[in-house]
Amino acid sequence: MLRIILFGLICSFVNAQSANLETVSDDKLVNLITTEKYMVVFFTQKNCKACDNFENLITDLNKHFMHLLSAKVVKAIDSQLLRLYSTDKEPALVFFRHGVPLLYDGPLNDEEILTMFTENKEPTVKELTDDTFEHLTQASSGSTTGDWFVMFYGTDCLECVRMTARWEAVGAKLRQRVNVARIDKYTTGASTAKRFNIYKAPEFIFFRHGKMYRYQIPKYDINSFVSFAKEWYRNARVETVPTPGTVAYSLDDFVQTIANFLRKNPWMMKLGSITIGVFIIISVASKFRRKTELSQKKD
């Protein structure tokens, strides 16, 4: 009988230990994000009662994450990486799908968390380009593809990078109601950005029934975006969506295109500087040679 009791106590201790979340450093977390197909990361900090309550819930959900999502679950304490995914402090919960983060923005409720993550096991935000924008959105015709909420971003824009997890959350909350997408204004979406007079990043436009509404609210939180797409867009100035190819290509546009290209390809600037330098040297040498030849002829 004593052996049975001892065996039960040992099993309970082992299960309790295995239930605890694995703590990882920032270096290991970066490696896991790039290698794990699905991963849930709990960002926490020391001496935080709200964090402890959140961690208890995540610990209880650990087996469900592994069973339903095939997701590895870890925690990061006082991580500097949290600033890439949330503007709020700890606690925070982020679900990575193939490296794409989804920030949980909801109550401390196990059913809410499981529902959001299981329904968005794959990234929700669609990636658009100049070639696919009009075909997929039908923005100018207002056809049957539905409403679209589009973020114009840049890969070297820090605020755009920090928007990724929140924008995925916006897509999750507007799921089956609004198509949420993004397009790179500097490279694959440069012509589309010019079409809609987008000159900085990030910028956001809501497309509905052949009309467009610019999101010009200073708040970049998830609930503000969701509210705008659901009803608040009616308070924004309505614009008619310009048809493709109707925007005049001015000298300023040409200069801006060159500037964007050089910004994305700094090596071209260096190559251009070297080429100009060589040209100047050759020109100076050629002039000096002609002067020398003329002097010799006069003599």
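Residues numbered from 1 in each chain as written. Predicted model: local features only at pLDDT ≥ 70, side-chain atom pairs only at ≥ 80, totals over all residues. Heavy atoms only, no water.

Draft legend 1. Inspection of the pattern of salt bridges at higher detail. Per the counting criterion, the structure on display carries eleven salt bridges. The closest approach of N and O atoms between glutamate 168 and arginine 97, which form a salt bridge, is 2.9 Å. Taken together, the residues span a long stretch of sequence, with glutamate 168 in helix α6 (residues 158-173) and arginine 97 in strand β4 (residues 92-97) at a distance of 71 residues. Taken together, the shared-partner salt bridges in this structure form one network comprising Glu22, Lys28 and Lys72. (Salt bridge = Lys/Arg side-chain N within 4 Å of Asp/Glu carboxyl O. Helix = DSSP H or I, 4+ residues; strand = E, 2+ residues; numbered from the N terminus.)

Draft legend 2. Spatial organisation of the packing of aromatic side chains. Enumeration according to the criterion identifies 30 aromatic pairs in this entry. Where phenylalanine 149 meets phenylalanine 206, the ring centres are 5.8 Å apart and the plane angle is 80°; that geometry is what we call edge-to-face. With phenylalanine 149 in strand β7 (residues 148-153) and phenylalanine 206 in strand β9 (residues 203-208), this pair connects stretches of sequence that are 57 residues apart. Residues phenylalanine 149 and phenylalanine 206 agree in their burial class; the two are buried. Above the face of the tyrosine 38 ring, lysine 121 is positioned so that its terminal group lies 4.9 Å from the ring centre. Seen from the ring of tyrosine 153, arginine 182 lies directly overhead, with NZ or CZ sitting 4.2 Å from the centre. (Phe/Tyr/Trp six-rings, centres within 6.5 Å; stacked < 30°, edge-to-face > 60°. Buried < 20%, exposed > 50% of the residue type's maximum accessible area, 1.4 Å probe, protein only. Lys NZ or Arg CZ within 6 Å of the ring centre and 35° of its normal.)

Draft legend 3. Summary view of the sheet that holds strand β1 (residues 22-23). Pairing is mixed in the open sheet, where five strands are placed in the order β1-β3-β2-β4-β5. On the outer flanks of this sheet lie β1 and β5 (100-103), each paired with one strand and no other. Looking at chain direction, β1 and strand β3 (residues 72-77) are connected through two bridges and run parallel. Looking at β3, one finds that glutamate 22 is bridged to valine 74. Running at roughly 155° to strand β2 (residues 38-44), helix α2 (residues 26-35) makes contact with β1, β2, β3 and β4 of the sheet. (Pairing = 2+ DSSP bridges. Contact = heavy atoms within 4.5 Å. Axes fitted to C-alpha atoms, helices over the stretch in contact; angles between N-to-C directions.)

Draft legend 4. Just helix α4 (residues 110-119), in detail. The set of residues buried in α4 consists of Ile113, Leu114, Met116 and Phe117. Each buried residue of α4 lies within a common arc of 165° when the element is viewed along its axis, so the set occupies one face. Against β2, α3 (49-69), β4, β5 and α6 lie the buried residues of α4. The N-capping residue of α4, defined by a side-chain oxygen 2.9 Å from the backbone nitrogen of glutamate 111, is asparagine 109. (Arc of directions from axis to C-beta. Polar contact = N/O pair within 3.5 Å; in protein donor to acceptor, adjacent residues only side chain to side chain.)

Draft legend 5. The arrangement of the sheet that holds strand β6 (residues 126-128) in detail. Taken together, six strands build an open sheet; the order of strands is β6-β8-β7-β9-β10-β11 and the sheet is mixed. Each edge of the sheet is formed by a strand with only one pairing partner; in this case those strands are β6 and β11 (238-240). Here the strands of the sheet are splayed against their neighbours by 30° on average, with no regard to which way each runs. Direction of pairing for β9 relative to strand β10 (residues 211-214): antiparallel, over a ladder of four bridges. Counterpart to phenylalanine 207 in the pairing with β10 is methionine 212. Relative to strand β8 (residues 179-184), α6 is tilted by about 160°, and along the sheet it contacts β7, β8 and β9.

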